[in-house]
Amino acid sequence: MIDLKSLRQNPELFQTRLLSRNDSYGSLVDTLLTLEQERRQLLTERSETEAKSNAIGKEVGHRIRTNPQDEGIAALKEEGTALKNRIAELAAQERTVEEQVNTLALTVPNLPHASVPQGADENENVEVRRWGTPRSFDFEPKPHWEVGEQLGILEVSRAVKIAQARFIALVGLGAKLERALANLMLDRHLEHGYTEVSPPLLVNSASLQGTGQLPKFAEDLFHCADDDLWLIPTAEVPLTNLYREEILDAAQLPIYHVAHTPCFRREAGSAGRDTRGLIRLHQFNKVEMVKITHPDTSYEEHEKLVQDAEAILQMLELPYRVVLLCTGDMGFSAAKCYDLEVWLPSQKTYREISSCSNCEDFQARRAGIRFKEQNQKGTSFAHTLNGSGLAVGRTLVAILENYQNADGSLTIPAALKLYMGGLERI
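Residues numbered from 1 in each chain as written. Predicted model: local features only at pLDDT ≥ 70, side-chain atom pairs only at ≥ 80, totals over all residues. Heavy atoms only, no water.

1. Quick look at the nonpolar core
Link 1 in the chain: Counting 50 residues, the largest nonpolar core has L181, L313, L316, L318, I399 and L416 as its most contacted members.
Link 2 in the chain: The element that contributes the greatest number of residues to this core is helix α7 (residues 173-191), accounting for 7 residues.
Link 3 in the chain: Beyond its immediate sequence surroundings of up to four residues, L313 is in contact with W131, L318, Y320, L340, V342, I353 and L390. (Core = buried A, V, L, I, M, F, W, Y, C linked by side-chain atoms within 4.5 Å. Buried < 20%, exposed > 50% of the residue type's maximum accessible area, 1.4 Å probe, protein only. Helix = DSSP H or I, 4+ residues; strand = E, 2+ residues; numbered from the N terminus. Contact = heavy atoms within 4.5 Å.)

Shown next, in the form of structure tokens:
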């Protein structure tokens, strides 16, 4: 959530930064400022009215003690009753406006960091670096779904039969390969200081509000109608909310967590996109990294987070590039975000396989994640970061395409052979 105090103090900054995301946010800021001004006016009037009411109460008490027969006491009591009624009215109006402010504030995205390039959409993202050289094939590379189906390790039609479109089933060595990828990712991250968590796959509304998926993106989520529970769209939600409404000791920071979980998304806005294969599914597996950090070190930790995701692609020898997202393409909660895009030979392009975001204190404000410095008064909001390390299904896509052979077989990447029991080829 944005800092409303900062909004009041520097509305021009909010207008400029939010307009760089989307033109529609300008009117949203104007409405928030108007409501905030109304709320503060009501607060001021209520405080002044309470002061008058208290003064009249004291005057009535004084007159009763000194001159109980004073004919003015009744009039003062009547005035005091009217003031108390007005105080109740003002308090009710203040609560209504405050609810409107809080509800509207939840729909305002994070402010882009000053280093984020301005742009309207993905076409204005900035490539930061590349790693690896795309393989030259002496045959026409097949799309990953053809490779998987011909090897008998990917079932699409049968998965659709038991569920619906955008679901798949991996069988035999396909399932083992997916498990091997997840284990490789987890082992590497654990070696670099992350603590593994096996979190709930169902979370309550407060958790999704804390990380920014609710209320704005409810249509992208799967909701359990009979309970206040939702299937997680990413392990970022439960991992971050482990610390919701907590005050941490500054000495605990930074906290590194990693989890391998299924993720569930409706993909409501992706009709007609990636309808075949494993790129865009309703259910997919992902290894997710989350950091809770001190504000002073969050951007240093952000760069490390990106490197941790890159390390997996380098271990698998998959060509990729790192892209800095522009203001118009960033996620709702991010202040700055890098995408890692892996090379897919069948499409002759790079496709997203990880997003690594620094949310600064945006999620921490929504979720109430604070920390306290030793020997200092008060508390501060932590910074939260998250990144895929990696999306397991999309990594499998990259392996199926980059390691396919002319005879239809699949070479197992060297880094995975141990996890595949020494198998070198499918």
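Now that the structure has been shown, we can carry on.
2. A short note on the sheet that holds strand β1 (residues 126-131)
Link 1 in the chain: Read from one edge to the other, the open sheet built from 8 strands follows the order β1-β11-β12-β13-β16-β10-β9-β4, with strand pairing classed as mixed. Edge positions in the sheet fall to β1 and β4 (195-196), since each of these pairs with one other strand and no more.
Link 2 in the chain: Bridging between β4 and strand β9 (residues 255-264) involves 2 bridges; their strand directions are parallel. The partner of T195 across the bridge, within β9, is H257.
Link 3 in the chain: Helix α10 (residues 298-315) rests against β1, β9, β10 (283-293), β11 (320-324), β12 (336-344), β13 (349-358) and β16 (383-391) of the sheet, and its axis sits at about 5° to β16. (Pairing = 2+ DSSP bridges. Axes fitted to C-alpha atoms, helices over the stretch in contact; angles between N-to-C directions.)

3. Let's talk about the pattern of salt bridges
Link 1 in the chain: Following the criterion strictly, the structure yields 22 salt bridges and no others.
Link 2 in the chain: The salt bridge involving R321 is made with E127; its shortest N-O contact spans 2.8 Å. Within this pair, whereas R321 is found in strand β11, its partner E127 is found in strand β1, the two being separated by 194 residues in sequence.
Link 3 in the chain: The exposure class assigned to R321 is partly exposed, which follows from its relative accessible area of 22%.
Link 4 in the chain: Each of E127, R130, R321 and E341 takes part in a single network of salt bridges with overlapping partners. (Salt bridge = Lys/Arg side-chain N within 4 Å of Asp/Glu carboxyl O.)

4. Structural notes on the side chain of T234
Link 1 in the chain: Checked against the element boundaries, T234 lands in the loop between β7 (229-231) and α9 (236-241).
Link 2 in the chain: A residue is classified by how much of its surface remains accessible, and T234, at 4% relative accessible area, is buried.
Link 3 in the chain: A distance of 2.8 Å separates a polar atom in the side chain of T234 from a polar atom in the side chain of K286.
Link 4 in the chain: Each residue touching T234, except ones within four places of it in the same chain, is listed here: Q213, C263, R265, K286 and E288. (Polar contact = N/O pair within 3.5 Å; in protein donor to acceptor, adjacent residues only side chain to side chain.)

5. Digging into helix α12 (residues 392-402)
Link 1 in the chain: The buried count for α12 comes to 11 of 11 residues, which makes it a mostly enclosed element.
Link 2 in the chain: Every buried residue belonging to α12 is among V392, G393, R394, T395, L396, V397, A398, I399, L400, E401 and N402, and all of these are buried.

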